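What follows is each chain in one-letter form.
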Amino acid sequence: MIILRSFRFWLPLGFLLILLSASFIVPALYPELLEPGPSFLKDDAGRLIADPPYSMEEMAPLGSDKLGRNLFYLLLSGAKYTLLSAIAIALLRMVGGFLFGIIYAFLPDWTRQMIKGIGDTFNFIPLAIIAFVLLSPLQLAFESGAMYSFQFLIIEIGVIAIIVIPSLGMYIGEEMREYLKNNFISVSRQIGASRFYIIRRHLRPQFSRHALVMFSEQISQTLYLLIQIGVLHICLGGLKIANFGITEPVPEYFSYTNEWAATMSINIQMVFLHTWLVLTPLAFFAVSIFSINELTRYLKEVLLEDTFPVTKDEKPSKQPENPSYLEDPFSFTNRSKEEFH
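Residues numbered from 1 in each chain as written. Predicted model: local features only at pLDDT ≥ 70, side-chain atom pairs only at ≥ 80, totals over all residues. Heavy atoms only, no water.

(A) Highlighting unusual backbone geometry. Across the junction of A60 and P61, the peptide omega takes the value 0 degrees, indicating a cis bond. Structurally, P61 is set in the loop between β2 (48-50) and α2 (71-105). Although it is not a glycine, H233 adopts a positive phi angle of roughly 65 degrees. Considering the arrangement of structural elements, one finds H233 in the loop between α8 (195-231) and β3 (239-244). Despite not being glycine, N258 shows a phi value in the positive range, around 60 degrees. Mapped onto the elements, N258 comes out in the loop between β4 (250-255) and α9 (260-266). (Helix = DSSP H or I, 4+ residues; strand = E, 2+ residues; numbered from the N terminus.)

(B) Representation of helix α3 (residues 109-122) in the model. Taking 1.5 Å per residue, 14 residues should reach 20 Å; α3 reaches 20 Å between its end C-alpha atoms and fits that length. Those residues of α3 lying buried are T111, R112 and G119. Projected down its long axis, α3 carries its buried residues within an arc of 95 degrees, all on one side. Exposed and oriented more than 90 degrees from the buried face of α3 are W110 and T121. In this structure, the buried residues of α3 make contact with α2 and α6 (165-179). (Expected span 1.5 Å × (residues − 1). Buried < 20%, exposed > 50% of the residue type's maximum accessible area, 1.4 Å probe, protein only. Arc of directions from axis to C-beta. Contact = heavy atoms within 4.5 Å.)

(C) Up close: the packing of helix α4 (residues 127-143) against α8. In the contact formed by α4 and α8, the axes pass within 9 Å of each other and the chain directions differ by 55 degrees. It follows that α4 is oblique to α8 by the angle criterion. Here the hand of the crossing between α4 and α8 comes out right-handed. Here L127, A128 and A131 of α4 lie close against α8, whose contacting residues are L225, Q228 and I229. Each residue belonging to the contact of α4 with α8 can be placed in one class, and the counts come to five nonpolar, one polar and no charged. (Axes fitted to C-alpha atoms, helices over the stretch in contact; angles between N-to-C directions. Parallel < 35°, antiparallel > 145°, perpendicular 65-115°, else oblique. Left-handed = near helix turned anticlockwise from the far one by under 90°. Nonpolar A, V, L, I, M, F, W, Y, C, P; charged D, E, K, R; others polar.)

(D) Layout of the pattern of salt bridges. By the definition in use, this model includes eight salt bridges. For E174, the salt bridge is made with R112, and the minimal N-O distance between the two is 3.4 Å. Here R112 lies in helix α3 and E174 lies in helix α6, a separation of 62 residues in the sequence. By relative accessible area, which is 22% here, E174 ends up partly exposed. Linking K181 and E178 is a salt bridge whose minimum nitrogen-to-oxygen distance equals 3.2 Å. Classification of K181 as exposed rests on a relative accessible area of 56%. Taking the relative accessible area as the measure of exposure, E178 reaches 48% and is therefore partly exposed. (Salt bridge = Lys/Arg side-chain N within 4 Å of Asp/Glu carboxyl O.)

(E) Up close: the nonpolar core. Counting 56 residues, the largest nonpolar core has I229 and W260 as its most contacted members. With twelve residues, the top contributor of residues to this core is α2. Not counting residues within four places of it along the chain, the set of residues in contact with I229 comprises A128, A131, I160 and I234. Counting ten residues, the second largest nonpolar core, distinct from the first, contains I2, L13, V213 and V302. (Core = buried A, V, L, I, M, F, W, Y, C linked by side-chain atoms within 4.5 Å.)

(F) Region of interest: a nonpolar patch on the surface. Among the surface-exposed residues, W110, M114, I118, F122, I125, I129, F132, V133 and L232 lie close enough to one another that they form a single nonpolar patch of about 880 Å² accessible area. Sorting the residues of the nonpolar patch by element identifies α3 and α4 as the ones contributing at least two each. (Patch = residues over 30% accessible without salt bridge, like charges linked within 9 Å, V, L, I, M, F, W, Y side chains within 5 Å. Areas by Shrake-Rupley, 256 points an atom, 1.4 Å probe, with all protein chains shown as cover.)

(G) Looking closely at the packing of aromatic side chains. A full pass over the atoms with the stated rule returns ten aromatic pairs. Ring centres 5.4 Å apart and planes at 75 degrees place the aromatic pair F72 and Y73 in the edge-to-face group. When its relative accessible area of 27% is taken as the criterion, F72 is described as partly exposed. Three or more aromatic residues joined by ring pairs form one cluster here, namely F72, Y73, W260, F284 and F285. Over the ring of F24 we find K80, and its NZ or CZ is 5.7 Å from the ring centre. Note that K240 overlies the ring of F142, its terminal NZ or CZ placed 4.9 Å from the centroid. (Phe/Tyr/Trp six-rings, centres within 6.5 Å; stacked < 30°, edge-to-face > 60°. Lys NZ or Arg CZ within 6 Å of the ring centre and 35° of its normal.)

Spelled out as C-alpha cells, the structure:
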C-alpha cells in the first residue's frame, strides 16, 4: 500500500508513536524522575539561590513545577493519558457518529428536519461550556473522594465523546443522503435491494476512506477541546485540592495523571511569573496537533483527492486513452467506476 511507504505518513506518526512509547518506558525505568526535586538550590559558597519552580537554566531541559519535579519528565509521563484518551474519544465519536448518521440518513424528512433544527440550536453553544456543565458535578464528587481518578477518567472520555456524536452524526447523515441520490443506488432499490444491502455494498465502501480521515481530524479536535476545558479546571483524571499556608489555607491543585491540560491548568495562575509552566504543556499540545494535522492532510490527499504520489520506479503515463473507451456511450466515468460497487 502506497500510504505505508510514504515518508509524509511515517514522520508525524512516528513522532507520536515515539512519544507514546517513551511515556510508558521512561517512568517505568526511572520512577525517581517524577519525584519532587530539592527544596532549594545553593551555589558553591552555600548561599541559597533558587527555590521551586526552577527555571530552564536551573533545571534542564524545561524547568520544574512548584514541587521541584522536572517538567519535561512530568509531561512525558502524562503524554499517554492525553494522547490515548484523545484517540479513545475520537474512536467513540466515529463509531457513534456513523451509527447515528446511518439512522439519520434513512429517517423520514419531517423527523430529520426536526432533529436537524434541534442540533443546529446546540451548535451555537461552545463544546467547552457543555463539557464544563456536565463534568463540574463529577469534579466535585471526585474532590470529595466519591470516585477514583481512573473512574473519573473513563466517565470524562464518554461524556466528551457523546456531546459531539449528534452533530457529527448529522453531518455524516447528510453526506450519506446526498450519496444515496445516485442513480445506481436508485436502480438497486428498484430491483429489491434492502437497506442493509445498500449500507453494506454502497455506503460502507464509499465512507470507509472518509472514516480514516475524519478519525484523524477528531483526534486533533479533541486535543483542542482538552485545552479549553483544562483552563476551566476540568482535566482528565480529575484535580485534587491540597491546602497550604500557615496563617490561612491556600488551596493548590494537583493531578494524579499529570496529563498536559492538567499541568497547564494547575499552573495557569502563575503564567505571568513563570511563563514556561503554561507555555511548555501548550507546546506539547501544539506539536502533537501539528503532527496529527499533517497526517490528516496527507490522508485526505491520498484517500479523498486521489493525488497518489508517483514513486521513483513509476513514470506517469503520457499515452492517450483508448479511443474505443472515449466513443463508447455506455462506459462509466472515472467517478462512476469508483462509486459503483
